[in-house]
Amino acid sequence: KLSGVEITDADGEGCFMRVCGNSGSRGWGQAGSNGAQVEFTADGQDINGDIIVDSISTLDMTLTNGSCFTGRISIAANLTGSSAAEKTTVVRITVENNAVITIGEGCTWKLTGDCTITSLTNNGTIDFNGYTITLADGSVLK
């Protein structure tokens, strides 16, 4: 839970958070099956930057208490431990609830690009800015 902190995004690609598995070279599981699991609550926070969740990881993000998230969320293929053929195919989600987003009352999500997430609970405001949100069931919100 982040509350009352100033966030500086120093990522050169404008990415606020990457929720991804790794090569396993440092002892954290086996490549291709060691996804990250993030439960993230923003409490009165302003967040800027994109969020990337890979196909073997999970993100459960909640905006509360007037938080504002400006960015896009995308689900990407897990490239660590994959064959060359798998790296060029369509993203295959291998976990349930890959990217679950909850926008609390009085909170805002300002999209900066098209997004792909598993599910959305919206009790706040989404500023689509001409972009879309595609849900796991194929629904497209705009």
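Higher on the page you've got the structure.
Residues numbered from 1 in each chain as written. Predicted model: local features only at pLDDT ≥ 70, side-chain atom pairs only at ≥ 80, totals over all residues. Heavy atoms only, no water.

A.B. asks: Just to check I follow, could you spell out the pairing of strand 3 (residues 37-43) for this structure?
C.D. replies: Remember that side chains alternate between the two faces of the sheet whenever the strand is regular. Here 2 bridges tie strand 1 (residues 2-3) to strand 3, and the two strands are oriented parallel to one another. Bridged to Leu 2 within strand 3 is Ala 42. In the sheet, strand 3 pairs with strand 6 (residues 58-64) via 7 bridges, with the strands oriented parallel. Bridge pairing in strand 6 links Ala 42 to Leu 63. (Pairing = 2+ DSSP bridges. Helix = DSSP H or I, 4+ residues; strand = E, 2+ residues; numbered from the N terminus.)

A.B. asks: Would you take a moment to explain the sheet that holds strand 8 (residues 73-76) for this structure?
C.D. replies: Each strand in a sheet pairs with its neighbour through backbone hydrogen bonds, running either in the same direction (parallel) or in the opposite one (antiparallel). The strand order across the open sheet formed by 3 strands is 2-5-8, and the pairing between neighbours is parallel. Edge positions in the open sheet fall to strand 2 (15-19) and strand 8, since each of these has one partner strand only. Neighbour-to-neighbour, the strand axes of the sheet open up by a mean angle of 20°, direction not taken into account. One ladder, built from 4 bridges, connects strand 5 (residues 50-54) with strand 8; its direction is parallel. By the bridge assignment, Val 53 is partnered in strand 8 with Ile 75. (Axes fitted to C-alpha atoms, helices over the stretch in contact; angles between N-to-C directions.)

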